[in-house]
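# Understanding the architecture of this molecule
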Amino acid sequence: MDIRQIKDAIARRSMGLVALGVMSAAFLVGFGLYWRARPVLAGRRWTEILFSAAWHPARGEFGLGGFILGSFWVTAIAMVIAVPLSLLTALYLSEYASRRTREWSRPVVDVLAGISPVVYGVWGMLVVVPLVRDYAMPFLSSRLKFFPFASDNFTGFSALAGGVVLAVMVVPIMVSVMEEILRTVPPEIREASLALGATRWQTTKKAVLKKAWPGVVAAIILGFSRASGETMAVLMVAGCALQAVPKSIFDPAYPLPALIANTYGEMMSVPLYDAAILLAALVLFLLTVLFNAVGWGILLRLEKREG
Amino acid sequence: MTQARFIEEKIFRGLMLAAAGMVAGSLGLILATVFVKGFRALSFDMLFKTPQGGYYIGGGGGIANAIAGSLVLGLGATLLALLVSLPLVFYLNVYLRRRSRLAFFIRFSLDVLWGIPSIVYGAFGFTVMVTLGLKASLLAGTLTVGLLIIPIMARSMDEVFKMVPPELHEAAYALGSTRWEAAMKVILRQAFPGLAAAVLIAFGRGIGDAASVLFTASFTDALPTSLFRPVATLPLAIFFQLGTPFPEVQERGYAAALVLTLIVLAVSVLARALTRRVTRHSR
Amino acid sequence: MEARTHIRVEDLSVWYGGHPALKDVTLSIPDKKITAIIGPSGCGKTTLLKSFNRLIDLQEGVRMEGRILVDDEDITAPGADLTRLRKKMGLLFQRPQVLPMSIFENVAYGLRIHGENDRLRLGEKVEHYLRMAGLWAEVRDRLAAPAAKLSIGQQQRLCLARGLAVEPEVILGDEPTSALDPHSAERIEQRFLELKRDYTIVLVTHILRQARRLADYAAFVYMGELVEHGPAAELFAHPKDPRTEAYISGRFIESTGEDPD
Ligand SMILES: Nc1ncnc2c1ncn2[C@@H]1O[C@H](COP(=O)(O)OP(=O)(O)OP(=O)(O)O)[C@@H](O)[C@H]1O
Ligand SMILES: [Mg+2]
């Protein structure tokens, strides 16, 4: 073996080590959180922590149920807005838009993805919250006196505001994944359908979406996961008051990530408080890892099948 | 019947246009809001002074601490992520076959890491700090943000490598190159602008994140001077200033948001220019 | 009379993910002659050629059986030194693939990785090989320009110079003229006729007239099988196999990959 081969072998080994590190990073993060969260798990049941909404750190009660529900509530609102918005946008870009429009759309999506979450929060406070407070809430809540519209929160800082901001934040990831998936649908499929006299929308609905739906589902899962982990923007606009069960889109919501961020500075004050917060992080970790594994798993499989 | 399907076509075309318009419009609205609000509070002092006494109740000074802190932390984290991402993507694309099982698992791991929220990275950084007895510091913040942006950087670099024609690899090997030589002397040159763009994108993402530095870097009014002291960052400066009840202080939060957005915009324009530009040496 | 065998292929079979591309090929490539490999598209010519320098290893899901001896050394044996093997074999691609660097550096690249670092000698050698490839006169004033700026025909000659610079013993050409205009193609052919004094040349080609003009030996491959091989003149004048005859008389319907029988 000459010096060149030796260099090559060293490079291969050290790069392999880096790869090993990256592959184990997720386990490390999960394990680190678990290790620090153990104290709060001792003597309590998983179910009790996950489903109880009793959160009184000073009394040693650490039920995460309210926050988990809060997360689902805000995320669900975000998805109700973001899924149709992203799907329609992605369909427009892949099926209808001209080349030029498509080229213009890329920087728009990239910049949307790149803007700081805190800046989204600023925008939410300046635009979305007042809109909810001055228009949406008075208009809807006074007319529709039932779930999920009835509310007596007049501040505008609400699950809806959080959901709207989150929706805009997850649009980039969903649009780009969906568009990429739609792009992989072979043009022959469209041509075959159009040749049969179908309209463009019929082709899109019956041929393109039929072929691309697993990828679209994956994109939605990824968007959901991203939305449920977003922290700062939600913290700034969702009001963050604890409630057991969501009653209205106009009520404040307190999602899991906001809880973690909010206790910064005080969590060393009460015994087990820090462990409970890290447990919340662990729950969030497990949730997002699961969703991402499923979402990317679907996409990687599709890619493999396409060859 | 036939009429109905043309009406349906019209409706959905309209909906799609509206959706695309809303997405583009929301970006415009966000930028407009930040620019209009931010410019008013922007001043020389804002950019070049650190917070003076009573800053958070309306006293003088600026956010130089956060600007400097964010740049230092962002650069450090980017460098760190580069040190991991570059060998990783070379390993993936030069040493491994595209379809190998190991390559699949590495890509899958990157995808999963990419999806972990930054607050979780922050919390993890915190557990490590507590275990090692460290305090919130520039070092801890840099490491945490570095970890956060590794998957972002590595995944976009991986995309760049996909664009390198396989024949170029073959041409290098046909001359008797080892893989290492092919990687460093041929592939790296070909992919360079794209890799630089990936680095910039990761930097932009790292500098904008707040949740990961909240526990790990903390905040300070001083300029960054030591790896082992807390450091201020722009996102947290925005967050804290908007959290005060004083309009003057909130105004400065808007200015900070403008500064941060301008940095992110500059970075993404630069990245775009780089990806557009094919290398001097390629067609 | 018989020339020395430079490359000996013994019972070579190659599969891509279970799909056979070469079946039991046995063939001797004579030293310092031009051997043409002809056959319809997709019959396995490139596969055969890339087996000679084991570039085939880079393909996904490839499996190889049999032996290839180069200078009586088994290059399919585990642990064979591939960089040395590839240095021995210059390869010209169908489309020229220049490296992302200057004209000069393209030629100097191979010299450098194989240990030539003296600037003066590098300069001399680069000039020498550019002359050998018949490109020197056209590029002497712009050696520092990006190689990608050259015309396709010039790029192919640059690739030839680059390949010659690592001092190979064999030149493998995979339809090296098929992307070129007739004039550029002729210049490459001219080079090959000059180079065969010192090099063993294996030329994959689609163009039968090219094979007739250049080749000393010829091998006809059909659907992964080596149907017939021998001195070119004889193979073209008196093909033994009906399939060869059909192919060289142009009566051949290009294979679409389906079994003819
Ligand atoms: N990387 C690969 N993966 C799978 N199949 C392949 C691969 N490369 C080639 N093949 C298949 O193997 C067979 C032989 O391919 P090869 O490229 O050797 O043919 P060829 O004679 O060079 O054709 P052409 O004249 O078109 O260049 C073909 O059927 C081809 O489809
Ligand atoms: Mg071929």
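Residues numbered from 1 in each chain as written. Chains lettered and ligands numbered in written order. Predicted model: local features only at pLDDT ≥ 70, side-chain atom pairs only at ≥ 80, totals over all residues. Heavy atoms only, no water.

### Describing the overall build of chain A
Looking only at helices and strands, chain A has 11 helices and two strands in total. Going residue by residue from the N terminus, the α and β elements of chain A occur as α-α-β-β-α-α-α-α-α-α-α-α-α. Viewed in the frame of its principal axes, chain A has a C-alpha envelope of about 75 × 65 × 35 Å. Here chain A, with 307 residues, has 56% of them falling under the buried criterion. A sequence separation of at least 24 residues applies to 76% of the contacts in chain A between residues at least 6 apart. Summed over its atoms, the accessible surface of chain A is roughly 13,500 Å², and 66% of this surface lies on carbon and sulfur atoms. Measuring between centres, the 28 positive side-chain charges of chain A sit 4 Å from its 19 negative side-chain charges. (Helix = DSSP H or I, 4+ residues; strand = E, 2+ residues; numbered from the N terminus. Buried < 20%, exposed > 50% of the residue type's maximum accessible area, 1.4 Å probe, protein only. Contact = heavy atoms within 4.5 Å. Areas by Shrake-Rupley, 256 points an atom, 1.4 Å probe, with all protein chains shown as cover. Lys, Arg positive; Asp, Glu negative; His and termini not counted. Charge placed at Lys NZ, Arg CZ, Asp CG, Glu CD.)

### Focus: the overall build of chain B
Helix and strand content of chain B: 11 helices and zero strands. The linear arrangement of helices and strands in chain B, starting from the amino end, is α-α-α-α-α-α-α-α-α-α-α. For chain B, the spread of C-alpha atoms along the principal axes amounts to about 70 × 65 × 40 Å. The 283 residues of chain B split such that 58% are buried. Put simply, of all contacts in chain B between residues at least 6 apart along the chain, 73% involve residues at least 24 apart. Just so you have it, chain B exposes about 11,400 Å², and 70% of that area is on carbon and sulfur atoms. Positive and negative side-chain charges in chain B, numbering 25 and 13 respectively, have mean positions lying 5 Å apart.

### Quick word on the packing of aromatic side chains
The final tally for this structure, using the stated rule, is 20 aromatic pairs over all chains. Pairing Phe44 of chain B with Phe48 of chain B gives two aromatic rings, centres 4.8 Å apart and planes at 35 degrees, and the pair type is tilted. Of the two residues, Phe44 of chain B and Phe48 of chain B are both situated in helix H2 (residues 44-48); the distance of four residues between them amounts to about one turn of the helix. Considered together, Phe44 of chain B and Phe48 of chain B belong to a single accessibility category, that of exposed residues. Linked through ring pairs, Trp55, Phe62, Phe67, Tyr254 and Tyr273 of chain A together constitute an aromatic cluster. Sitting over the face of the ring of Trp35 of chain A, Arg38 of chain A holds its NZ or CZ atom 3.8 Å from the ring centroid. (Phe/Tyr/Trp six-rings, centres within 6.5 Å; stacked < 30°, edge-to-face > 60°. Lys NZ or Arg CZ within 6 Å of the ring centre and 35° of its normal.)

### With respect to unusual backbone geometry
Comment: phi is negative for the bulk of residues other than glycine, and the bulk of peptide bonds are trans. Residue and element names in this part refer to chain C. The backbone of Asp72 sits at a positive phi, close to 65 degrees, despite the residue not being glycine. Along the chain, Asp72 turns up in the loop between strand E4 (62-70) and strand E5 (73-74). We note that Glu175 has phi near 45 degrees; this positive angle belongs to a residue other than glycine. The residue Glu175 is located in the loop between strand E7 (170-174) and helix H7 (182-195) in this model.

### Side note on the site of ligand 1
All names here are of chain C. By nearness alone, 13 residues border ligand 1, and Ser41, Gly42, Lys45, Thr46 and Thr47 come closest of all. Lys45 places a side-chain nitrogen or oxygen 2.7 Å from an oxygen atom of ligand 1. One of the side-chain nitrogen or oxygen atoms of Thr47 is found 2.4 Å away from an oxygen atom of ligand 1. Expressed as a share of its isolated accessible area of 630 Å², the protein-covered part of ligand 1 is 65%. Taken together, the elements giving at least two residues each to the shell around ligand 1 come down to strand E2 (19-30) and helix H1 (45-52). Ranked by residues supplied to the shell around ligand 1, first place goes to H1 with three residues. (Near = heavy atom within 4 Å. Polar contact = N/O pair within 3.5 Å; in protein donor to acceptor, adjacent residues only side chain to side chain.)

### Topic: a positive patch on the surface
Together, Arg301 and Lys304 of chain A together with Arg99 and Arg101 of chain B line one region of the surface with positive charge. Of note, Arg99 of chain B is situated in the loop between helix H3 (64-95) and helix H4 (101-115). (Patch = residues over 30% accessible without salt bridge, like charges linked within 9 Å, V, L, I, M, F, W, Y side chains within 5 Å. Salt bridge = Lys/Arg side-chain N within 4 Å of Asp/Glu carboxyl O.)

### Observations concerning the pattern of salt bridges
The tally for this structure, following the rule as stated, stands at 34 salt bridges over all chains. Among the ionic contacts, a cluster of salt bridges with common partners joins Arg4, Asp31, Lys32, Asp71 and Lys88 of chain C.

### Some remarks on the domain arrangement of chain B
Residues and elements named next belong to chain B. Examined at the domain level, chain B breaks down into domain 1 (2-41) and domain 2 (44-282). Spacing between the C-alpha centres of domain 1 and domain 2 amounts to 30 Å. With eight residues of domain 1 in contact, the opposing surface of domain 2 contributes 10 residues. Summed over both partners, the interface of domain 1 with domain 2 buries about 750 Å², with 79% contributed by carbon and sulfur atoms. On inspection of domain 1 and its partner domain 2, the count reaches zero residue pairs in polar contact (both at pLDDT 80 or more). Looking at the side of domain 1 that touches domain 2 residue by residue, the classes come out as five nonpolar, one polar and two charged. (Domains from an automatic or database assignment. Buried area = accessible area lost by both parts, 1.4 Å probe. Nonpolar A, V, L, I, M, F, W, Y, C, P; charged D, E, K, R; others polar.)

### Describing the pairing of E4 of chain C
Residue and element names in this part refer to chain C. Direction of pairing for strand E1 (residues 5-16) relative to E4: antiparallel, over a ladder of eight bridges. Paired with Trp15 across the two strands is Arg63, which belongs to E4. Of the strand pairs in this sheet, E4 and E5 are connected by two bridges, and their pairing is antiparallel. Counterpart to Leu69 in the pairing with E5 is Asp74. Between E4 and E5, which pair antiparallel in sequence order, lie two residues; one of them, Asp71, sits at a positive phi of approximately 50 degrees. (Pairing = 2+ DSSP bridges.)

### A word on the pairing of E2 of chain C
In summary, the side chains of a regular strand alternate between the two faces of the sheet. One ladder, built from eight bridges, connects E1 of chain C with E2 of chain C; its direction is antiparallel. Its bridge partner lying in E2 of chain C, Val14 of chain C is registered against Leu22 of chain C.

### Let's talk about the side chain of Thr244 of chain C
All names here are of chain C. When you line up the elements, Thr244 lands in helix H10 (residues 242-248). Since its relative accessible area comes to 0%, Thr244 is described here as buried. Among residues more than four places away in sequence, those in contact with Thr244 are Phe220, Val227, Glu228, Leu235 and Pro239.

### Focus on H4 of chain B
For H4 of chain B, with 15 residues, the first-to-last C-alpha span of 21 Å sits near the 21 Å given by 1.5 Å per residue. Among the residues of H4 of chain B, those classed as buried are Ala103, Ile106, Arg107, Ser109, Leu110, Asp111, Val112, Leu113, Trp114 and Gly115 of chain B. (Expected span 1.5 Å × (residues − 1).)

### Some remarks on the nonpolar core
Membership of the largest hydrophobic core comes to 241 residues, with the highest contact counts inside it found for Leu33, Leu64 and Tyr120 of chain A together with Phe52 of chain C. Composition of this core by domain shows at least three residues from each of domain 1 (2-41) and domain 2 (44-282) of chain B. Excluding its chain neighbours within four sequence positions, the residues that come into contact with Phe52 of chain C are Ile7, Val9, Ile29, Ile68, Ile75, Leu85, Met89, Leu172 and Val202 of chain C. (Core = buried A, V, L, I, M, F, W, Y, C linked by side-chain atoms within 4.5 Å.)

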